[in-house]
Structures are given as C-alpha cells and as structure tokens.
Protein chains: 2
Amino acid sequence: LIMLGFDVLYHNMKHGQISTKELADFVRERATIEEAYSRSMTKLAKSASNYSQLGTFAPVWDVFKTSTEKLANCHLDLVRKLQELIKEVQKYGEEQVKSHKKTKEEVAGTLEAVQTIQSITQALQKSKESYNAKCVEQERLKKEGATQREIEKAAVKSKKATDTYKLYVEKYALAKADFEQKMTETAQKFQDIEETHLIHIKEIIGSLSNAIKEIHLQIGQVHEEFINNMANTTVESLIQKFAESKGTGKERPGKMINSARKHFKISHIVTNIFALKFIFCIFSRDGVSPC
Amino acid sequence: LIMLGFDVLYHNMKHGQISTKELADFVRERATIEEAYSRSMTKLAKSASNYSQLGTFAPVWDVFKTSTEKLANCHLDLVRKLQELIKEVQKYGEEQVKSHKKTKEEVAGTLEAVQTIQSITQALQKSKESYNAKCVEQERLKKEGATQREIEKAAVKSKKATDTYKLYVEKYALAKADFEQKMTETAQKFQDIEETHLIHIKEIIGSLSNAIKEIHLQIGQVHEEFINNMANTTVESLIQKFAESKGTGKERPGKMINSARKHFKISHIVTNIFALKFIFCIFSRDGVSPC
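Under an unreviewed UniProt entry, the name given to chain A is F-BAR domain-containing protein, and the source organism is Rhinopithecus roxellana. Regarding chain A, the UniProt comment filed under Subcellular location (unreviewed entry) reads as follows: "Membrane, Clathrin-coated pit". In its Sequence similarities (unreviewed entry) section, the UniProt entry covering chain A states "Belongs to the FCHO family."

Here it is as structure tokens:
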C-alpha cells in the first residue's frame with residue numbers, strides 16, 4: 001500500500017472529476033466525427049445512385065450504392081452507442097461529485113489534527129527557547145559567583161521552564177500520534193476513492209473499446225459482401241442485362257424487320273429478316289409475274 | 001454470343017467513357033471523405049493531449065492520443081491509395097477514348113452499308129408500286145376487251161416493270177447480305193469493346209476493394225493495440241506513477257519531517273518523524289536538564 005500525501009490527495013479528488021468530464025468530452029467529439037463520416041457516406045451513396053443508368057456498367061452502381069449505405073449505417077450505429085456511453089459517463093460524474101462531498105466531510109477531523117499539531121509546534125518552539133534562556137542564566141550566575149539565594153531562584157525558574165518544555169514535548173508527541181493515525185486513515189480513504197474511480201472509468205473505456213470493435217467487425221462484413229457482390233456481377237451477366245434492356249438479344253437488328261414490315265405490308269410472314277427471302281423465291285421459281 | 005444492335009452499341013461507347021469518369025468521381029469523393037475523417041481524428045488526438053496532465057488518470061490520455069493518431073494515419077494511408085487509383089482510372093479513360101475513336105473509323109463501312117440498304121429499300125418500294133400498277137392496267141384492258149395492240153403494249157410495260165422490280169429485289173438481297181455480314185462483324189467488335197471495358201473497370205474496383213480491406217485490417221490492429229495498452233495501464237501502476245510524481249511514496253508526510261528539522265536544528269538525527277522521540281527520551285531517562 002502506497003501512502004499519498006494528504007493535501008495532494010485532497011486536491012486530487014477535483015482531478016478525478018475533471019478526468020470524468022474530459023472522457024465525456026472525448027467520446028462526444030468522437031461521436032461527432034463518426035456522425036459526419038456517416039452523413040458523407042450517405043451522400044456518397046446518393047452520388048452512386050445518380051450516376052448514369054445507361055450502358056453495361058449501370059448495374060454495378062447499385063452494388064456500390066448498397067455497400068456505401070451499409071457503411072453509413074455502421075458508423076451511425078457507432079454514434080448511437082457512443083451517445084449511450086456519454087450518458088453513462090455523465091451519470092457516473094454526478095455520483096462522483098456526491099461521494100467526494102461526503103469524503104470531504106469525513107476528513108474534516110484530520111484537517112483539525114493538522115491545525116492542532118501546527119499550533120503545538122509553535123508552543124513547543126517557544127517553551128524550548130525559554131528553557132534554553134533559563135539554563136544559560138543559571139550557568140552565568142554560578143560562574144559569576146552570585147549569592148546562594150540568587151542561584152536557587154534561577155534554578156527554580158530553570159526547573160519550571162524545563163517542566164513546561166517537557167509538557168509541550170509530551171503534548172506534541174500525543175498530537176503527532178493522533179495526526180499520524182488520522183492522516184493514515186484519510187490517506188487510505190483517498191486512495192480507495194482513486195482506485196474506485198480508476199476501476200470505474202476503465203470499465204467505461206472497456207465499453208468504448210467493445211463498441212468500436214463491434215462496429216469494426218460489421219464494417220468488415222460490409223466489405224466482404226461488396227467483394228462477393230462484385231464477383232457475382234460478371235461481365236457476361238452485365239452484357240446479358242444490357243442486351244435484354246435494349247430489346248435486342250439474339251435477333252438481327254429490329255430496324256431491318258421494321259423496314260421489311262413497312263415495305264411488304266405482310267407483317268405475319270415478316271417475323272424476322274429472313275422473311276424477305278420469300279418474295280424473291282416467288283419470282284425466281286416461276287420466273288413470271290404472280291398476277 | 002449475344003448480338004447487340006448496331007446503333008445501341010455505337011452510342012454505348014459513350015456510356016463506357018461516362019462510367020469511367022463516374023468511377024473516378026466516386027473514388028475521389030470517397031478520398032475526400034477519408035481525408036476529412038483523418039483530419040478530425042488528428043484534431044481529436046490533440047484534444048486528448050490537451051486534457052489535464054494532473055491526477056491519476058493523466059497517463060491514460062497518452063494511450064488515447066497514440067491510438068487516435070494511428071487511426072488518423074490509417075485513413076490518410078487510404079487517401080493516398082485512393083489518389084493513386086484515381087490516376088489509374090484517368091489513365092485508362094484516356095486509352096478508352098483513343099480506342100473508341102479508332103473503332104468509329106473501323107465501322108465507317110458498316111454505316112455506308114446501312115445507308116445503301118436504306119436507299120435500295122426506297123427504290124424497291126417504288127418499283128413494286130409501278131409493277132403493281134402495270135399489272136392492274138394489263139388486267140383492266142383485258143376485261144374491257146381492248147384492242148390486241150393496246151393489250152400487247154400494256155404487257156410490254158408490265159414485263160419491264162416486273163424486270164425492274166426483280167432487279168431491285170436482287171439488289172436488295174445483295175445489299176442485305178453485305179449489310180448483315182458487316183453488321184455482324186461490327187456488333188462483335190462493339191461487344192469485344194464492352195467486355196474489355198468491363199474487365200478493366202472490374203480490375204480497378206478490385207484494387208479499390210483491396211486498398212479498403214488492407215486499411216480495415218490496419219485499423220483492427222490499432223484497436224487491438226489500444227485494448228492491450230489499456231490492459232497494461234493497471235490501476236496499481238497509475239496510483240504508483242501518481243505517488244512518485246508527487247514525491248510522496250512510502251514515507252510519512254514531508255511537512256512533518258521539515259517542521260521537525262526546523263524545530264530541533266539537528267538534521268542528522270531527524271531523518272524521519274520518529275527522530276522527535278529522541279529528545280523526549282533524554283528527558284524521561286535522566287529526568288534532569290541535559291545542560
């Protein structure tokens with residue numbers, strides 16, 4: 001167990017509250033970034049759907065659009081998770097303020113003990129000085145061969161100063177013991193507060209990591225899906241789709257059919273370009289006018 | 001093999017060029033989004049490093065800062081990869097324009113064949129009408145019992161019209177055969193262009209997928225690293241760091257040592273708070289003043 005200084009830990013409670021507020025700020029800023037990214041992705045998906053719907057490539061834009069929309073949604077999910085987390089942090093911040101208030105009341109006794117030992121220290125200092133002065137005075141009178149009566153008077157004063165000094169040394173020892181005991185308890189209390197704070201805030205950071213990790217996996221799935229969809233969008237299938245959409249397909253160009261129709265006004269036989277050969281056969285067979 | 005209409009494919013070359021341009025636009029917009037995201041992440045990392053450096057939580061902000069900076073760099077790497085890809089798409093776009101220009105020259109013959117068959121179709125139409133008219137005229141004279149001379153004159157005219165009609169039917173058949181052959185070749189050419197275009201553009205999309213996938217893996221590693229760093233940043237280590245930074249540690253509060261030093265002016269024995277006991281022992285042991 002590490003003992004932390006009383007004042008240091010007393011003021012450190014404030015830093016605990018600041019760290020909670022700053023964590024909320026950090027998560028909020030991250031949420032704002034993710035929201036902007038999600039909005040941009042939605043915009044990008046719209047661009048994809050606004051691109052040319054003509055030509056063989058057109059269906060590929062649907063693959064891009066779907067994938068980009070899903071990416072936008074992944075990041076929007078993260079925003080929601082982060083907003084829930086911010087609420088959690090704020091709720092903890094309020095509990096933290098309450099518990100700090102309670103603690104400050106509990107450690108009031110220790111502050112008193114500090115003040116007590118400070119005042120006793122001053123008294124001890126003064127009593128020592130007076131004790132020293134009286135000793136010096138007693139010695140001086142002895143050396144100067146003062147009267148027995150004068151020396152006894154000085155001895156009495158010296159004895160009194162010594163007793164006073166001894167008294168304050170005892171008082172000091174008691175105050176010190178009380179201070180040390182109270183301070184040890186308080187330091188322990190402060191350290192428990194720090195440990196509880198760090199454990200709680202590390203749990204919140206754990207939730208943050210999990211949220212980010214979860215969304216990261218979702219994004220990975222969107223990428224895999226895109227790669228598969230692109231693999232399934234074969235060149236052959238794109239040509240096929242295009243041919244069908246243009247109503248061409250395996251027949252000879254429609255314009256020929258239409259001109260044939262217009263020309264021979266016998267639509268029932270002009271179902272395809274080869275129908276033209278009929279007429280020619282008539283002439284070539286009997287070599288004379290059919291009329 | 002699917003045959004696509006001549007006009008449809010002729011104009012579809014333009015759509016091929018549009019799709020190339022649009023793909024470049026799409027990748028460019030994505031790059032812009034990633035760049036903005038990276039910038040925001042760098043800003044967020046700065047916020048983390050600007051948060052309070054006091055209190056036990058302070059070292060955790062370094063973990064956030066490092067991880068957020070690395071995230072910013074991942075997305076910046078993606079921006080670079082996307083910009084390389086845009087260059088690649090633009091380079092292909094230029095090649096595409098060249099090859100389309102070449103193709104339009106190659107299919108000029110087919111356009112002529114189309115014009116030829118259209119003009120012959122008109123001539124055939126006219127010759128048929130004149131042939132019908134002459135037949136009807138010949139029949140009418142027969143019914144009305146016209147003179148042999150009149151009927152023979154009509155027969156000659158009818159024969160002439162029949163020959164002209166047959167001539168144009170033959171001409172039409174030849175033109176049609178030429179047209180069909182040229183058109184088949186051209187349709188094949190156009191289809192080859194489409195297939196080559198789609199294969200190339202799908203390769204580019206493949207590079208895009210790979211770039212995104214690669215960065216996604218890097219981001220995953222940054223997350224793992226963050227989780228590990230947080231796990232290594234134990235509550236104990238944070239308390240320890242804080243205690244050391246505040247110069248407190250395992251001793252009793254320094255203020256007590258200092259006040260003791262100030263008081264007894266015998267620093268060599270007042271190495272810790274218990275040194276105070278010395279003086280008191282002196283008095284209690286010999287019960288008299290040491291002077």
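J.: In this structure, what is going on with the packing of helix α3 (residues 108-143) of chain A against helix α4 (residues 148-232) of chain A? I would like to understand it.
T.: Geometrically, a packed helix pair is captured by the angle between its two axes and the distance between the axes. Residue and element names in this part refer to chain A. α4 packs onto α3 with a crossing angle of 160° between their chain directions and a minimal axis gap of 7 Å. Compared by their axis directions, α3 and α4 come out roughly antiparallel. The handedness of the crossing between α3 and α4 is left-handed. For the contact of α3 with α4, the per-class residue count stands at 20 nonpolar, 10 polar and nine charged.

J.: In this structure, what is going on with empty space enclosed by the protein? I would like to understand it.
T.: Gaps left between atoms are located by rolling a probe of water-molecule size over the structure's atoms. Applying the stated criterion to the full structure yields six cavities of 30 Å³ or more. Looking at the largest cavity, its volume works out to about 230 Å³. In terms of lining, the largest cavity is formed by 23 residues, of which the most central are His75(A), His216(A), Ile219(A), His75(B) and Ile219(B). Contributions of two or more residues to the lining of the largest cavity are made by α1 (6-50), α2 (58-106) and α4 of chain A together with α1 (6-50), α2 (58-106) and α4 (148-232) of chain B. Residues of the lining of the largest cavity, tallied by class, amount to 13 nonpolar, six polar and four charged.

J.: How do you make sense of the environment of Glu185(A) when you look at a structure like this?
T.: Note on placement: Glu185(A) falls in helix α4. With 76 residues separating them in the primary sequence, Glu185(A) and Gly109(A) have C-alpha atoms 11 Å apart.

J.: Teacher, can you tell me more about the packing of aromatic side chains here?
T.: The description of two aromatic rings rests on the distance between their centres and on the angle between their planes. For the structure shown, the criterion picks out 17 aromatic pairs over all chains. Taking the centre distance of 6.0 Å and the plane angle of 90° together, the rings of Tyr10(A) and Phe190(A) count as edge-to-face. With Tyr10(A) in helix α1 and Phe190(A) in helix α4, the pair connects residues that are 180 residues apart, well separated along the chain. Phe190(A) sits in the buried class, given a relative accessible area of 1%. Linked through ring pairs, Phe26(A), Tyr51(B), Phe57(B), Trp61(B), Phe64(B) and Phe226(B) together constitute an aromatic cluster.

J.: Honestly, helix α5 (residues 235-245) of chain B in this entry has me stumped. Any pointers?
T.: One turn of an α-helix holds 3.6 residues; hence residues three or four places apart share an orientation. Residues and elements named next belong to chain B. Val235, Leu238, Ile239, Phe242 and Ala243 are the residues of α5 that are buried. Buried residues of α5, viewed axially, fall in a sector of 130°; they line one side. Turned more than 90 degrees away from the buried face of α5 sit Glu236, Glu244 and Ser245, all of them exposed.

Criteria and cut-off values
Residues numbered from 1 in each chain as written. Chains lettered and ligands numbered in written order. Predicted model: local features only at pLDDT ≥ 70, side-chain atom pairs only at ≥ 80, totals over all residues. Heavy atoms only, no water. UniProt positions renumbered as here; feature names shortened; annotations may be inferred. Axes fitted to C-alpha atoms, helices over the stretch in contact; angles between N-to-C directions. Helix = DSSP H or I, 4+ residues; strand = E, 2+ residues; numbered from the N terminus. Parallel < 35°, antiparallel > 145°, perpendicular 65-115°, else oblique. Left-handed = near helix turned anticlockwise from the far one by under 90°. Nonpolar A, V, L, I, M, F, W, Y, C, P; charged D, E, K, R; others polar. 1 Å grid on protein atoms, 1.4 Å probe; cavity = no way out; pocket = protein on both sides within 12 Å on 5 of 7 lines; lining within 4 Å. Points joined across faces, edges and corners; volume = space filled by probe spheres on them. Phe/Tyr/Trp six-rings, centres within 6.5 Å; stacked < 30°, edge-to-face > 60°. Buried < 20%, exposed > 50% of the residue type's maximum accessible area, 1.4 Å probe, protein only. Arc of directions from axis to C-beta.

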